[in-house]
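What the coordinates show
Residue-level listing of the chains:
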Amino acid sequence: MKASPQDILSVNAVNSEFDFTSQSGSSFTTHGGTVGWEHTLTPFLTVQSHAGAIVLKRELVGASSSPIIAPVGDLAFRWKDRTTSVTVVYSLGVSPSFQFQAQALRTHVVSFALTQQTAFPELLAVANLNYGRGDQYGSSSGDALSYASVGGTGGLVYKFSPETFLGVNYSYFNTNNTFGSSTFAFDRHVVQLSLTHAFY
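Everything in this summary refers to the structure shown in the same document.

Cut-off values and rules
- Residues numbered from 1 in each chain as written.
- Predicted model: local features only at pLDDT ≥ 70, side-chain atom pairs only at ≥ 80, totals over all residues.
- Heavy atoms only, no water.
- Salt bridge = Lys/Arg side-chain N within 4 Å of Asp/Glu carboxyl O.
- Buried < 20%, exposed > 50% of the residue type's maximum accessible area, 1.4 Å probe, protein only.
- Pairing = 2+ DSSP bridges.
- Helix = DSSP H or I, 4+ residues; strand = E, 2+ residues; numbered from the N terminus.
- Contact = heavy atoms within 4.5 Å.
- Patch = residues over 30% accessible without salt bridge, like charges linked within 9 Å, V, L, I, M, F, W, Y side chains within 5 Å.
- Areas by Shrake-Rupley, 256 points an atom, 1.4 Å probe, with all protein chains shown as cover.
- Core = buried A, V, L, I, M, F, W, Y, C linked by side-chain atoms within 4.5 Å.
- Phe/Tyr/Trp six-rings, centres within 6.5 Å; stacked < 30°, edge-to-face > 60°.

Here we look at the pattern of salt bridges
Pairing between side chains becomes possible if they bear opposite charge and their charged atoms approach one another. Applying the stated criterion to the full structure yields 1 salt bridge. We note a salt bridge from Asp135 to Arg133, for which the minimum N-O separation is 3.1 Å. Residue class for Asp135 comes out partly exposed when judged on its relative accessible area of 25%. You can call Arg133 partly exposed: its relative accessible area is 33%.

Spelled out as structure tokens, the structure:
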């Protein structure tokens, strides 16, 4: 809903269900909603946010736990002019864990994305960075699940035509998963060359 020439309001439903078919047989569902607001600060800068709450219901090995009211939302700043596009986002949410044990995690994610026009009109530089952390809901014991991850990508995109692009980029990703005294961590390095053609 457009509340003014600079403001857009929205209402969003947030519903999900996760069922794990491993021996644990656990599952969890979320139901709730958020209210969104987007505001144009200048012709180049906008801010967008969503805030709300969900009811988290969990079941582990056939036993249900008490529902938890969990906050969710995000905050984003976006700058876009003739040569530069920058986006910075923070989000708070609920995500499933796929390491060690199936559980619901409270997640925090911060990300940064940049697209920059170079001195050559057909050549763009792109980069993004992100950091995420997740902690198990409803556990204060020493065997709680958690993770931390950091990653980034940098590269170049050459535009042969409005429909055809050649890209080369390098990506790095590191994650560290913890369950009590157990840890599983790894690094990933990827170099990618891609040719894309769009059929408009």
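Some points on the pairing of strand β7 (residues 84–96)
Bridge count between strand β6 (residues 68–80) and β7: 8 bridges; the pairing is antiparallel. Along β7, the bridge assignment pairs Leu75 with Tyr90. Connecting β6 to the antiparallel partner β7 that follows it, the hairpin turn spans 3 residues.

Focus on the side chain of Ser149
When you line up the elements, Ser149 lands in strand β10 (residues 145–159). What makes Ser149 buried here is its relative accessible area of 11%. Beyond its immediate stretch of four places on either side in the chain, Ser149 contacts Asn130, Tyr131, Gly132, Phe173, Asn174 and Thr175.

As for a nonpolar patch on the surface
A surface patch of nonpolar side chains, amounting to about 680 Å² of accessible area, comprises Leu156, Tyr158, Phe160, Leu166, Val168, Leu193 and Leu195. Secondary-structure elements contributing two or more residues to the nonpolar patch are β10, β11 (164–179) and β12 (182–197). A relative accessible area of 52% means that Phe160 is categorised as exposed.

Considerations on the nonpolar core
Inside soluble globular proteins, nonpolar side chains tend to come together where they are buried. If you look at the biggest cluster of nonpolar residues, it comprises 8 residues: Phe28, Ile54, Leu56, Ala70, Val72, Val94, Ala104 and Tyr137. For this core, the elements supplying multiple residues, two or more each, are β4 (45–60) and β6. The contact partners of Val94, leaving out residues within four places of it in the chain, are Phe28, Thr30, Ile54, Leu56, Ala70, Ala104, Leu105, Thr107 and Tyr137.

Thoughts on the packing of aromatic side chains
The description of an aromatic ring pair uses the distance of the two centres, along with the angle that the planes make with each other. The final tally for this structure, using the stated rule, is 4 aromatic pairs. A ring pair is formed by Phe44 and Trp79, whose centres lie 5.4 Å apart and whose planes are at 35 degrees; its orientation type is tilted. Note that Phe44 is positioned in the loop between β3 (27–40) and β4 and Trp79 in strand β6, a separation of 35 residues in sequence. Exposure remark for Phe44: the relative accessible area of 39% places this residue in the partly exposed category. For Trp79, a relative accessible area of 34% gives the class partly exposed. Relative to Phe186, the ring of Phe184 lies with its centre 5.8 Å away and its plane at 50 degrees, an arrangement referred to as tilted.

The values reported here are purely geometric and, on their own, carry no functional implication.
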